[in-house]
Structure formats: structure tokens, C-alpha cells
Protein chains: 2
Amino acid sequence: MAGKLGWGTFVSQADKKSENGHEQGSKSLSKPEPEATIPSAPPQSTVSDYEKKKANFIVRTFWTFVMIAGFFAALFAGHIYVVLIITTIQIVSFKEVIAIANVGSRARDLRFTKSLNWYWLATTMYFLYGESVVYYFRHIILVDKVLQPLSTHHRFISFCIYIFGFVFFVGALKPGHLRFQFSQFAWTHMALFLINIQAHFIMNNIFEGLIWFFLPAALVITNDIFAYICGITFGRTQLIKLSPKKTVEGFVGAWIMTMVFGVGLTHVLLSSNYFICPATNLATSILQDIHCEPNPVFIPRTYTSPEFFFLPPGYTLSVTVAPMQIHALVWATFASLIAPFGGFFASGLKRSFKIKDFGDSIPGHGGMTDRMDCQFIMGMFAFLYYQTFIAVRNYNPGAVLDMMVTGLSIDDQAHVLKSMLHIWARDGVMPPAVS
Amino acid sequence: MAGKLGWGTFVSQADKKSENGHEQGSKSLSKPEPEATIPSAPPQSTVSDYEKKKANFIVRTFWTFVMIAGFFAALFAGHIYVVLIITTIQIVSFKEVIAIANVGSRARDLRFTKSLNWYWLATTMYFLYGESVVYYFRHIILVDKVLQPLSTHHRFISFCIYIFGFVFFVGALKPGHLRFQFSQFAWTHMALFLINIQAHFIMNNIFEGLIWFFLPAALVITNDIFAYICGITFGRTQLIKLSPKKTVEGFVGAWIMTMVFGVGLTHVLLSSNYFICPATNLATSILQDIHCEPNPVFIPRTYTSPEFFFLPPGYTLSVTVAPMQIHALVWATFASLIAPFGGFFASGLKRSFKIKDFGDSIPGHGGMTDRMDCQFIMGMFAFLYYQTFIAVRNYNPGAVLDMMVTGLSIDDQAHVLKSMLHIWARDGVMPPAVS
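These numbers come from a predicted model, not from an experiment.

Asker: Run through the overall build of chain A, naming residues and quoting values.
Answerer: A tally of regular secondary structure across chain A gives 16 helices and two strands. Residue burial in chain A is summarised as follows: out of 435 residues, 50% are buried. Taking contacts inside chain A between residues at least 6 apart in sequence as the whole, the part at least 24 apart equals 74%. Of the roughly 20,600 Å² of accessible surface on chain A, a fraction of 65% belongs to carbon and sulfur atoms.

Quick look at the structure:
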């Protein structure tokens, strides 16, 4: 996650430079807009402005290196440290997003509104973290007599905790403040959905193997850097109304470069068991020797083209890559074309509240959310893509048979057999053992 | 679901009467409030008021019977009809909740805001209905070559559909309207969460067996009727600030009566296979003869007390009930003490928008949401309670088949089949379907 921090730091510098670099080129595109009252420096900088900027640049650079160092330290120290970083980031982001809408609750004498927001966060995190722990560490939990009911009743317990907050919320509704209270409720739920639920999937990626966390995070960072570089080099055409500084050329150029980078980074990562093996316990670190059966996507294959007309007869083209490097092209495409919309969404949100940053959590950088906006959506994409197209679900035939014998009625057993025969017939397969 | 309709009809009449009945008693409790500008009839009714009320009463009563008849017709016609009713109800409720916040989108020239709300609904329903169909009917879907990828990639496809809408939303952000557009976004997500996701669990209850749908719906209706009866009979002490007409006495009295009713209704329902058996196909109706291994909670047991000091030595108390009747006490408690907060929530929401009803979907009754507010939360409770404490983990044949198709090699599949045949031969069992 700190990879995202590291990204953040790069990006913000890039953004900052691009603010200066693009100002001249894009001025004609940006017109004064009623809501766009974000305070900005006057065009001609005075000396004291220069001094301020210099001081800010030093603070910013210092914290950039702190974050990069912290991120890589956590990455190599082990899964549990990366999880802790993600947890911190999502709590800080939630705090920032909640804060911008909670203006005036003290004046309204509704102090508990704030406490209630934290209660919703705690409930959501209890539910989500519990889900992950139950899923990945069930073999540990089920053995413990105290933890077992927490595991088997996890969803019901989470529901009860939520309902307790719901009843409290309704009981605390105050005529005269209803609009405010209900918009707080809706706002908090949106924040939980967009920040915490998506961050939860990033956590699952960590447990599946650090590459599933590191690769998407790195792709988003890389894309941002290249969008800046390509933008100032070739940028001419405005991309969306909301951000006059984004250009089509920067968008497309960064896409191509991110794909190249993604294929290269994947090549590097897939030789490290520390990155490709799932977490079997939380004490793993890079110092330990980890072994696992690698997922087939990490094993290079040779892809051969058909005979093309432009080649001499009998010649074909062939390339040897790991299938994951091909998947990396898709991931890079998502990181380049879709994930930036997470950032545009955040920009729009800031603008609608007339603020420049979500907060001041990182000295010289602004809020945590400003650094993370594209990462949440990317993490969720990575999770679903991994689960759908990459995860190998190796079941043991003995386990399947055990489920059938102990858990299905005779009729259901027969039903499964018949369906299996249908599927074979449909696919034109007839295993020798059966015929 | 129409049970909820039926309920709604009772309740609204009850509410209406109680408005008149309680007015005198509770006047001292309710004081003028800035937001409480709901139009209400003047204390002294004129003749034309009386005529209006009479006309309204006739319309209301007519539609009450239409809804009750429709509900029971669907209930006996089969699961698929009940599912259709739930679907209609959640779409109408969503429409109503969205409409109250979407005022002014036409004036702002943001016509697509409305379309986008419907797009979110369609996405959510595709995702949720797909989840249910994949879970309960996987054994049918996996056999079909066209449907199979829709099943195995369901979550990823849903994510892509959602992301498409998200990108569109961001692309359509318009400076000057950002606050409006973002609050629409948050509002719609809250509505989806509170209405459609909760209604989805009601649908799952239907597939698990009609009792899991009918019992919670009936408990909420009953509670509402008894809250009215007990309220006008003993009501004195105000319950919450928001609803001056609710009394502690009505609340507690209804709780006791709902428990009695719940135990009785369970006793009646558990003798019907149509209610207690899960849906194995969607063509089931009450006319068919359905068989299943009943869940152990439906089989009466004798509970014997220890020897109490007040009994002659050697004597004990014993009672024979189905465990489900004991569970029904818990469900009745939830329906009485917690579910009403769903209604209070809806009341507060209406009041904050200065409206009396969510809409006019049901002639004489107001909006669908007014009739359903307590049902959603009850349905979700019933689902989680059932899954946590009652469901017998009979493996689902679809899940086993899915494991075989996606997780085993062809040889291993054949191995499982052969072993199954061996086990049948050993046990002298030959399912008719196979031979």
C-alpha cells in the first residue's frame, strides 16, 4: 500500500510540476466556473512565494523518501506489515472523506454524529477483516474453542453490531436536523463502500501472494508518472472537462509505457517465491525460504504464430513469455484507461466542496485520499481478475467424493453424476477410465 | 412479499385511525418543529373532509383486499411468482426513494442523472440475482455452454458493468452541478444498500423454503396490528421523539402478542411440506406433492425441566415443541423491538424531505416504501439467522458439480464418478435416475 504512498509522492510532484508546466498551454481551455474557487497562487510569483515553494518542496521530498522507505521496508518485512499499512491508509482516508461533509455537527450540538461515523467504520472493518481471516486462516481458527463461534457466526455477529448502530442512529434523530443527519448517513455509507470495501479486496490480494498487491499498485504509480512525462512532451488535446490539465496524448502515451513496464516488472517478480506464493502464515518475511507450487500463469510458455504471408514458407514467429505477462497487459490497460477515473472522481468531489486537498495527513503532500484515489479501484479490479481468471482451485478428488458421500442425498449424487456425463458429452470428452 | 402488502394495508389503516385516536392524548408531547411541515387535516373536520375521508377509505379498503388476494395467490402459485412480487416491490421502492432526492435534475439539464440511477439499479440487480441463480441453480447453468461463463465469471462481469457506469458518471460531471451530482451518487448507493441488497436476502429466503419468507413477513404485519391495538388500549408513555404517536405500552404489548402469534403460526406452517421444503425447481406450486428431508428444527422434541422446589418430588415440567417454535420467539422479538426502527428511519427520511408519503404507487395507501419499511431489515435478519443457526449444511449439488468442473482434471472427474458407482454398488443402492 505504501507503494501507493510512494506513488502518491511521485504523483504529487508530477502534478505540481505539471501545474506549472501546463499552465501556459492549457489556459485557453480552462474557463472560470462558478464552483471552481480552489485557491491558487497568482501567475507572477513574488520572491516570498518562491521561498515558500522551496520550503514546501523540501518537506515534500523528505516525506516522499520517508514513504518510499517505509513502503519497501514493510513489503520485505512481511505480509502482516503490509496489512497494517493498508489498515492505516484506509482509516486515514475514511477520516478525511468523512471530515469534509461533517462541517457544523458541533455547532448543531450533534456530537454523536461523529462517533457514529467511527462506529460504522469499526463495524465495517470488523466484518471485512473477519471475512478475510475466516477465509484464509480457518484451519487455525476452527481448532480454537473460543474463536470457533466467532468464525461460524461471523456474519450474524456483524449484522447485530450494525443493527445496534442503526437503532442508535434512529433513536438519535432530532427534528430540525434531519436533513443533516440523513446526508451524514448516506455520505458515510458511500465512503465505506468506495474506500473500505475496496481496500478490503487489496488485503485479500496480499494474502494470495504479494505480487497481486504490488503489481497493480506499481502499475498505477507508473502510469501517473508517464502520464505526466508524455503530457508535457506531446500534450495538446484536452481529455475531460473537469481537469483541463489532462491531455489525450498523455493518456495514450502513458498507456503504452505502462504496458511495457508491466511486462517487465512481472518478469522480475515471477522469479521470486516471496512474491508469487500465497501467505500460509503471517510471520513470513523476505528472509525466509518460501516454497509453493507456482501458479501456471508464472511458468513461461512458447507461443507460436501461424505461417504468415510475409514470412518465408515454413517460418513462424514465436515468443516465450509467462502467461502472467500477457495478463499484465490487461492490468496495465485498466491502470491506464480506467483507474484514472477514480482520481477524476476524487477531483470532482474536492471541487464540489471547494477544497484543494482532502486533508493534511502527509506533510507537504496533502491528504492520504489524494494519494490513494486511483489505487482502491485498481485493487478491486486486481482482486476480481485474479479470482476469475488466474486463481487455481485445486480440489482433491478425495475431498469432492467425501462431500458427495457425506453431504448429498442419493438423488443429488445421481444428479451430479448425470450432469457430469452431460458436460462430457457436450464437450466431446470421454475419459478412458469410464468408457 | 405481498404479505407485506397485506401488512401495509392493515398498518396504514391502523396508522390512520391512530392519528385520529391519539391526537388528543399526545398533543402535549408533540411541539411545533421547524422541519415538521407535513400537511395534516385541521382538528375540526368539515363535511367535505368527511366525504373525502370516506371516499379514500373505500379506495383504500378495495386495494387492501386486492393486495391481500394477490399476495396469497402468488404464495400458493409458487416460488417464481413470489420472486416476481419481490422484484416489483424493490423496483418501485427504489424508484420512490430516488425520486424524492432527484428534484431539479431536469431544470439543471442533467437528464442522464435519472438514467444513471436506473443503470445503478440494473447493475445491482444483475449482480444480486445472478448470485442467487448461480448459487441455487448452478447445476442447471453449468450444463449449458452459453450460460457457463456467465456463471463462473459472474462477479467480474458485474464489476465491469458497474465500472462502465462509474466512468460514465465521472465523464458526465459538470462544473456548477458537482454538489448535486455527488449527492445523487451517494443517495442512490444508500438506496441500493438499504432496499435492494436487503430485498435480495428476502429472495434467498424464498428459495430456502417459503416459511423463511412468510414467517418474518407475517411477524412484522402482526406486530404492527398489535402495536396499534395495544397502543390505543393502554398507550400512555411516548417512545421516541420522532413519532409522538408510538407508545411504550404499544411496543411491549405487541411484543408479547407477536411472540404468541409466531409460535402458533410456526406450528401451522411446519406441517406443510410446501412451506418447509427448499425450492428445487421454479415450477413448484401448492398443487404439487413435495417431499424433502425436513430440517431438524421442524421436528417436535420434548423439553423437560429439572425438579423444581415448588413441584412434588419426582415431578418435572415438560413441553413438546418444535425447536423452530423457540426460534420463532427470537424472530418475534426482532420483529417487535428492532424492525420498527426501519419504519422510524423511513418516517424521519420523509419528514426531512417534508413529504407525507414516499409516493402514490398504491391507490389510497401512499407509496410502496411506506408499506415496506420494516420488512427489508426483517428479511435480512431472517436470512442471516437462518444461515447461522438453522441451515443444515447439506452441500448443494451445484456447488459440488462446480468444484468438479472447475477444480478437477478430466481423469479426476472420472475417478470420482467411478468411486461413486462403487459406493452405490457396495451399499446396494441404485438411484432410479441413473439406471
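Asker: Tell me what's going on with the pattern of salt bridges, and back it up with residues and numbers.
Answerer: The full count for this structure, using the stated rule, is three salt bridges over all chains. The salt bridge involving Asp427(A) is made with Arg426(A); its shortest N-O contact spans 2.9 Å. The exposure class of Arg426(A) is partly exposed, given its relative accessible area of 25%. For the salt bridge of Arg155(B) with Glu131(B), the shortest nitrogen-to-oxygen distance reads 3.0 Å. One end of the pair, Arg155(B), is in helix H6 (residues 154-171); the other, Glu131(B), is in helix H4 (residues 111-141), and 24 residues separate them in sequence.

Asker: So what about the state of the cysteines? Which residues, and what values?
Answerer: By the definition in use, this model includes two disulfides over all chains. Paired through a disulfide, Cys277(A) and Cys292(A) show a sulfur-sulfur distance of 2.0 Å. Sign of the S-S torsion, about -85° for the bond between Cys277(A) and Cys292(A), identifies this disulfide as left-handed. Of this pair, Cys277(A) sits in the loop between helix H11 (273-276) and strand E1 (301-304) while Cys292(A) is found in the loop between H11 and E1, placing the two residues 15 residues apart along the sequence. On the basis of relative accessibility, which here comes to 2%, the residue Cys277(A) falls in the buried class. The exposure class assigned to Cys292(A) is partly exposed, which follows from its relative accessible area of 26%. With no disulfide of its own, Cys230(B) lies closest to Cys374(B) among cysteine sulfurs, the gap being 16 Å. Residue Cys230(B) is classed as buried on the basis of its relative accessible area, which comes to 7%.

Asker: An account of the side chain of Ser336(B) is requested, with residue identities and associated values reported.
Answerer: On the secondary structure map, Ser336(B) appears in helix H11 (residues 323-337). Non-local contacts of Ser336(B), meaning those with residues more than four positions away in its chain, are made with Asn223(B), Phe251(B), Ala254(B), Trp255(B) and Thr258(B).

Asker: Account for the environment of Leu194(A), with residues named and values stated.
Answerer: Within the secondary structure layout, Leu194(A) lies in helix H8 (residues 178-208). As for Leu194(A) and Pro306(A), which are separated by 112 residues in sequence, their C-alpha atoms are 46 Å apart. Excluding residues within four positions of it along the chain, Leu194(A) makes contact with Phe345(A), Phe376(A), Tyr162(B) and Phe185(B).

Asker: Give me the packing of aromatic side chains: which residues, what numbers.
Answerer: Between two aromatic rings, the relevant description is the distance of the centres plus the angle of the planes. Within this structure, the stated rule accounts for 76 aromatic pairs over all chains. Taken together, a centroid distance of 6.2 Å and an interplanar angle of 65° make the contact between Phe71(A) and Phe213(A) edge-to-face. One end of the pair, Phe71(A), is in helix H2 (residues 47-77); the other, Phe213(A), is in helix H9 (residues 211-234), and 142 residues separate them in sequence. Residue Phe71(A) shares its accessibility class with Phe213(A), and that shared class is buried. Clustering of aromatic rings is evident, with ring pairs tying together Tyr119(A), Trp120(A), Tyr162(A), Phe164(A), Phe166(A), Phe169(A), Phe182(A), Phe185(A), Phe193(B) and Phe345(B). Above the face of the Phe353(B) ring, Arg179(A) is positioned so that its terminal group lies 4.2 Å from the ring centre.

Reading the values: rules and limits
- Residues numbered from 1 in each chain as written.
- Chains lettered and ligands numbered in written order.
- Predicted model: local features only at pLDDT ≥ 70, side-chain atom pairs only at ≥ 80, totals over all residues.
- Heavy atoms only, no water.
- Helix = DSSP H or I, 4+ residues; strand = E, 2+ residues; numbered from the N terminus.
- Buried < 20%, exposed > 50% of the residue type's maximum accessible area, 1.4 Å probe, protein only.
- Contact = heavy atoms within 4.5 Å.
- Areas by Shrake-Rupley, 256 points an atom, 1.4 Å probe, with all protein chains shown as cover.
- Salt bridge = Lys/Arg side-chain N within 4 Å of Asp/Glu carboxyl O.
- Disulfide = S-S within 2.5 Å.
- Phe/Tyr/Trp six-rings, centres within 6.5 Å; stacked < 30°, edge-to-face > 60°.
- Lys NZ or Arg CZ within 6 Å of the ring centre and 35° of its normal.

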